[in-house]
Amino acid sequence: MDSKFAGYLLKRILLALATILFVITVTFFLMHTVPGGPFLGEKAISPDVQRALEEKYGLDKPLIMQYFTYLGDLFRLDFGWSLKQRGMTVLDLILNGFAESAKIGGLAALIAVILGITLGSIAAVRRNKIYDKSIMVVSTAFVAVPGFVIGTFLLLIFYISVPKLLGIPAPWGYLFPIMTLSFYPMAYITRLTRSSMLDVLGQDYIRTARSKGVDRKKVIFKHALKNALIPVLTYIGPMLAYILTGSLVVEKIFNVPGISRAFINSITNRDYPLIMGTTVFLATLIVLMNLITDILYRIVDPRIDFS
Amino acid sequence: MEKKKTKNIKKNPFSLHINIDKFAPATAEEKAQQEVMREQVSFFKDGINRLKKNKIAMICFFVIIAIVLMAIFVPMFYPYKYNQMLGVKPGVSVDPTYSNLKPFQYGETEKTLIDDGEFVFPHLFGTDEHGRDYFIRVIYGTRISLFVGFFASIIVLIIGLIYGSISGYAGGKADLIMMRIVDLIYSLPDMLIIILLSVIIRNSDLKLTGIFARLGPNMMGIFTVFGLLYWVTMARLIRGQILSVKNEDFVLAARSIGASPTRIIRKHLLPNCISVIIISTALQIPAAIFTESFLSFLGLGVEIPMPSLGSLAAHALDGVISYTYRLVIPAIAISLIVLSLNLFGDGLRDAFDPKLKN
């Protein structure tokens, strides 16, 4: 790789690190501006016990010291202990939740990408035909329907008629959460693929290939689709961010014990270390995903200027 | 014809003029060619004409207008209030017959009134578990959604406009630093920050007054986040537009006669970016409505008893089998609003900036 690309890479990685540090800092100090400590519960505790607790968790030190301690702990992947779920480390809770969420989110992303690209290409190749029209109507509608609406309707229609599909440990239980999460990105990718495919199909080199008598399938798959997928690649970062936030809703509707539910619960329970932990974890995940797609994009499309 | 024209002009044999025809007076026919046959159309009229031809966009436009008018005017005439529990009257024990009415059913005291021959306004969508009229709650929810969408995009517009145009016009180091800040904000996970901020605003000692108190801290969180985070896309867009026009000659002309940067941006640069500004503002509204309904659904939206389409849908989940319509109605309302705003925004884009199409 040339030095220009190396410079770009370095810049992007530094920016990603700065963003993560920014999120940690903002979350940390914002959490500490909230009045009321973590030990203010239903049962009042004596001042002595409170002091002992604060000493144990390092809360008696100045804020700035606590911040650097927290940063150091994070560096060693020590997210601290959950305040409400006794005996659980935050890291355990996060990883347990993430295992569930990643299954659903990963499959949803995969389905969205595969189906979206297929449908989009069909629509572009059969432009203005009935396939194209119906695909476009459906995908336009799906882009406008919020995820929670799709989720609740799936719940309504299928679970009530086929209650066997209920419940997450059973493999069938994953079907509807995955469907709910994949509809929006699928519709979006369909529209994106269609418009970029139409753009590519109108270019001169495609006409050249056709006039040379290259097989139609080969033109579509090898010449057109490859280039048409570049804009789709840029959507992968935002899609994963959407799926992460979308899982907040899906996990609520379908009662999935995932990381988003842990996040929402930690907020309603005011479990400060868990709030910090999940925020930092999810933010890092999103920033990393964006970083990877950005770099991939530059590698795939050499025409792009690095400056 | 050429010959005729040059009849009275004699060509000097020593003249170096190559073609004397070019200096002949124009005939009436030629003069007529210069006349403007069509009425001159301004940029806006042209765009609006194109928009009018787009059937889908026009239908969506009328749907939006109808929804907005309903959201504004129906609460003025409707006999019930969004937070009025019909079964509860001061000094009387709670009348349970008002709770969970199906559409067009009436409570006990209303039935006696009807038997007496009086007119009682029907509960179009029934009532909820607290005996509140569901129709007016849906209307209020729509109102909240539109309010959030509109104000959020105004906030985004103002901040993005100022930031983007300064960054684009200043250029150099200022631009570099401002754009790095934008990059940083752009990669923040917005939903997490919204949720965090709403928790913090809710728990802080901040005193809210007026309309803000009624909307509650979560809404303030949403607005704050829109103000803090969502303007970056707009700023980037406007910066790009400014960059593309700031080296034009008319800007140089304005600068040479001593126009201040503010004046150049306001009077010369921004009017040239107006189509992009309008389009992206229009498309920002449905995005904001989407976000609001999402947060309300998670219970992080408006404060009870204020309804929002998202929170209505979330509450309806509890009794979804017996009262399916309570879920279906807000769900349809929100999809309709977002869909028609999206399609209208697309129509606006096609009409005012055909380059952006596809």
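In short, a report on the structure.

**Quick word on the overall build of chain A**
- Each helix and strand in chain A was counted, giving 11 helices and zero strands.
- Going from the N terminus to the C terminus, chain A shows its helices and strands as α-α-α-α-α-α-α-α-α-α-α.
- By residue count, 36% of the 307 residues in chain A fall in the buried class.
- A separation of at least 24 residues holds for 75% of the contacts in chain A among residues at least 6 apart in sequence.

**Quick word on the overall build of chain B**
- For chain B, the helix and strand inventory stands at 15 helices and zero strands.
- Here chain B, with 358 residues, has 37% of them falling under the buried criterion.
- Across chain B, contacts joining residues at least 24 apart in sequence account for 67% of those joining residues at least 6 apart.

**Some details on the interface of chain B and chain A**
- Listed per partner, the contact involves 32 residues of chain B and 37 residues of chain A.
- Secondary structure elements with two or more residues in the side of chain B that touches chain A: helix 7 (172-186), helix 8 (190-203), helix 13 (274-297) and helix 15 (324-352) of chain B.
- For the side of chain B that touches chain A, the element with the highest residue contribution is helix 15 of chain B, accounting for eight residues.
- Residue composition of the side of chain B that touches chain A, grouped by class: 22 nonpolar, eight polar and two charged.

**So, the nonpolar core**
- By size, the foremost hydrophobic cluster in this structure holds 146 residues, and its most contacted members are Phe226 and Ala313 of chain B.
- For this core, the element with the highest residue contribution is helix 9 (residues 216-253) of chain A, accounting for 16 residues.

**Some points on the environment of Gln241 of chain B**
All names here are of chain B.
- Tracing the sequence through the fold places Gln241 in helix 10 (residues 217-245).
- Considered as a pair, Gln241 and Phe23 are 218 residues apart in the sequence and their alpha carbons are 44 Å apart.
- Among all residues touching Gln241, those that are not within four sequence positions of it are Cys273 and Val276.

**A look at the environment of Val276 of chain B**
Residue and element names in this part refer to chain B.
- Here Val276 is to be found in helix 13.
- Each C-alpha atom, one on Val276 and one on Gln241, is 8.2 Å from the other, the two residues being 35 residues apart in sequence.
- Those residues within four positions of Val276 in sequence are excluded, and the remaining contacts are Leu237, Gln241 and Asp353.

**Focus on the packing of helix 5 (residues 130-144) of chain A against helix 7 (residues 175-201) of chain A**
Residue and element names in this part refer to chain A.
- Look at helix 5 against helix 7: their axes get within 8 Å of each other, and the N-to-C directions meet at 130°. As summarised for this structure, helix 5 and helix 7 are arranged oblique, according to the angle between their axes. Relative to helix 7, helix 5 is oriented so that their crossing is left-handed. Contacts from Ile135, Ser139, Phe142 and Val143 in helix 5 reach Phe183, Tyr184, Ala187, Tyr188, Thr190 and Arg191 in helix 7.
- Looking at the contact of helix 5 with helix 7 residue by residue, the classes come out as seven nonpolar, two polar and one charged.

**A few points about the environment of Asn96 of chain A**
All names here are of chain A.
- Structurally, Asn96 is set in helix 4 (residues 90-125).
- Residue class for Asn96 comes out partly exposed when judged on the 15 C-beta atoms lying within 10 Å of it.
- Sequence separation between Asn96 and Asp73 is 23 residues; the distance between their C-alpha atoms is 20 Å.

**Section: unusual backbone geometry**
- Although it is not a glycine, Asn128 of chain A sits at a positive phi angle of roughly 65°.
- Within the secondary structure, Asn128 of chain A is located in the loop between helix 4 and helix 5.

Calculation criteria
- Residues numbered from 1 in each chain as written.
- Chains lettered and ligands numbered in written order.
- Predicted model: local features only at pLDDT ≥ 70, side-chain atom pairs only at ≥ 80, totals over all residues.
- Helix = DSSP H or I, 4+ residues; strand = E, 2+ residues; numbered from the N terminus.
- Buried ≥ 20, exposed ≤ 12 C-beta atoms within 10 Å, placed from the backbone.
- Contact = placed C-beta atoms within 7 Å.
- Nonpolar A, V, L, I, M, F, W, Y, C, P; charged D, E, K, R; others polar.
- Core = buried A, V, L, I, M, F, W, Y, C linked by C-beta atoms within 7 Å.
- Axes fitted to C-alpha atoms, helices over the stretch in contact; angles between N-to-C directions.
- Parallel < 35°, antiparallel > 145°, perpendicular 65-115°, else oblique.
- Left-handed = near helix turned anticlockwise from the far one by under 90°.

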